[in-house]
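Architecture and fold: a report
If you want the building blocks of each chain, they are given just below.
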Amino acid sequence: AGLVGYKVARVTSEVKEFGFELVDRSPGLPVTIGVAGWLEDASETCYSVWDDALCDVAGDGGECLALMWEQDVLRDLGNSMSIFLKSQIACQVRDAVGNAVLGTAFGSLTSP
């Protein structure tokens with residue numbers, strides 16, 4: 001048990017936040033767990049992302065839980081993804097406009 005405990009502690013030593021928060025409870029055996037992939041701003045939490053969605057599922061019976069884990073890291077990931085998507089959209093728009101301008105210029109040069 002000592003070696004297994006040591007290995008688990010070593011792997012999970014950097015995890016600062018981990019837990020489950022009850023979103024909704026209704027009678028029944030099913031358990032639904034919502035896991036947030038990223039958070040977009042400071043007002044979002046792992047709970048708020050799943051609150052509305054899991055409450056709709058709760059009518060089917062069972063408990064609905066939200067996995068609360070590393071919210072600061074998820075916010076950083078969400079900000080990074082937002083910046084990346086904005087830059088990719090800007091790049092694609094610039095390329096499309098450039099292609100349209102060049103296509104029009106070449107079209108006007110080749111027409112009689």
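The structure under discussion appears in the preceding block.
Since the structure is predicted, the reported quantities are computational estimates derived from the model, not experimental observations. (Residues numbered from 1 in each chain as written. Predicted model: local features only at pLDDT ≥ 70, side-chain atom pairs only at ≥ 80, totals over all residues. Heavy atoms only, no water.)

**As for the sheet that holds strand E3 (residues 62-69)**
Heads up, the condition is: In short, DSSP must find at least two bridges between two strands for them to pair. Helix numbers and strand numbers start at the N terminus; a helix is a DSSP run of H or I with at least 4 residues, a strand a run of E with at least 2. Helix axes use the C-alpha atoms of the stretch in contact, all axes being lines fitted to C-alpha atoms, and the angles between their N-to-C directions lie in the range 0 to 180 degrees.
With mixed pairing, 3 strands are arranged side by side in an open sheet as E1-E3-E2. Looking along the sheet, the strands with just one partner apiece sit at the ends: strand E1 (18-26) and strand E2 (31-35). Averaged over all pairs of adjacent strands, the angle between their axes in this sheet comes to 25°, without regard to strand direction. Judged from the 8 bridges that link them, E1 and E3 form a sheet pairing that is antiparallel. The residue bridging Asp 24 from the neighbouring strand is Cys 64, located in E3.

**Considerations on the packing of aromatic side chains**
Note the threshold: Under the pairing criterion, centres of Phe, Tyr and Trp rings, with the six-membered ring standing for Trp, must be within 6.5 Å; the plane angle then separates stacked pairs below 30 degrees from edge-to-face pairs above 60, leaving the rest tilted. Relative accessible area decides the class of each residue, using a 1.4 Å probe on protein chains only: under 20% of the type maximum gives buried, over 50% gives exposed, and in between gives partly exposed.
Evaluation of the coordinates by the stated rule reveals 1 aromatic pair. Arranged with centres 5.9 Å apart and planes meeting at 75°, the rings of Phe 18 and Phe 20 form a pair that is edge-to-face. By relative accessible area, which is 47% here, Phe 20 ends up partly exposed.

**What about the nonpolar core?**
Definition in use: Grouping buried Ala, Val, Leu, Ile, Met, Phe, Trp, Tyr and Cys residues that are joined through side-chain atoms within 4.5 Å yields what is termed a nonpolar core. Contacts are residue-level and defined by heavy atoms, with any inter-residue pair within 4.5 Å sufficient.
Core analysis: the largest hydrophobic core is formed by 5 residues, namely Ala 36, Leu 39, Cys 46, Met 68 and Leu 74. Excluding its chain neighbours within four sequence positions, the residues that come into contact with Met 68 are Glu 17, Phe 18, Gly 19, Glu 21, Cys 46 and Tyr 47.

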